[in-house]
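A look at the structure
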Amino acid sequence: MSQKIDGNLQATAHLRSVALGTKPSAGTEPQARPVEAVDSLRLTGEATSLQAMQRELSTAPAIDAARVQAVRESLQNGTYTINPDAIASRMLELDQQLQG
């Protein structure tokens, strides 16, 4: 049996609509019983510490306003000093950490 596909096909199957949240009833099937959940979750000490740290950080401000003001005043007064050795040292430490 062959059919020509030309976009004018007529549907021969009959579709039935089912309301959402309902199941088709079959008179001979037994009723399903709810299953009680038996899963459990236990966090390690490290996970608990991470959760506490996350809660603490979420309440802390993202910017230390007092530190920003102190640096701003130092820059305006001309008293802000840059330590190139400390900057270079920290950059090297970061590079070593990134290389693993």
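The paragraphs below set out a description of the structure included in this document. (Residues numbered from 1 in each chain as written. Predicted model: local features only at pLDDT ≥ 70, side-chain atom pairs only at ≥ 80, totals over all residues. Heavy atoms only, no water.)

1. Describing the overall build of the protein chain
Put simply, the test is: Numbering of helices and strands starts at the N terminus; helices are DSSP runs of H or I of at least 4 residues and strands are runs of E of at least 2. Each residue's exposure class comes from its accessible area (1.4 Å probe, protein chains only) as a fraction of the maximum for that residue type: buried when under 20%, exposed when over 50%, partly exposed otherwise. Using a 1.4 Å probe, accessible areas were evaluated by the Shrake-Rupley method; residue-level cover was limited to the displayed protein chains.
Counting its regular elements, the protein chain contains three helices and zero strands. In the protein chain, the succession of helices and strands from N to C terminus is α-α-α. Counting over 100 residues, the protein chain shows a buried share of 0%. Element-wise, carbon and sulfur atoms account for 54% of the exposed surface of the protein chain, whose accessible area totals about 10,800 Å².

2. What about helix 1 (residues 45-59)?
Just so we agree on the cut-off: To estimate the expected span of a helix, count its residues, drop one, and scale the result by 1.5 Å.
The end-to-end C-alpha separation of helix 1 is 22 Å, in line with the 21 Å expected for 15 residues at 1.5 Å each. The buried fraction of helix 1 amounts to zero of the 15 residues, a small share that puts the element mostly on the outside.

3. Description of helix 3 (residues 84-99)
The condition that has to hold: Throughout this description, a polar contact denotes any pair of N or O atoms lying within 3.5 Å of each other; where both atoms belong to protein, one of them has to be capable of donating a hydrogen while the other can accept it, and for residues adjacent in sequence the pair is counted only when both atoms sit in side chains.
For helix 3, which comprises 16 residues, the first-to-last C-alpha distance of 23 Å matches the rise-based estimate of 22 Å (1.5 Å per residue) to within 8%. Among the 16 residues of helix 3, zero are classified as buried, and the element is accordingly described as predominantly exposed. The opening residue of helix 3 is N83, an N-cap whose side-chain oxygen sits 3.2 Å from the backbone nitrogen of D85. Within two residues after helix 3, G100 carries a phi angle of roughly 75°, on the positive side.

4. A word on a nonpolar patch on the surface
Test applied: Only residues above 30% relative accessible area that lack a salt bridge enter a patch, with like-charged residues linked at up to 9 Å and the nonpolar side chains Val, Leu, Ile, Met, Phe, Trp and Tyr linked at up to 5 Å. Think of a salt bridge as a Lys or Arg side-chain nitrogen and an Asp or Glu carboxyl oxygen that are within 4 Å of each other.
Judged by side-chain polarity, L75, Y80, I82, I87 and M91 come together as a nonpolar surface patch covering roughly 550 Å² of accessible area. Relative to the helices and strands, Y80 resides in the loop between helix 2 (65-77) and helix 3. We classify Y80 as partly exposed; its relative accessible area is 39%.

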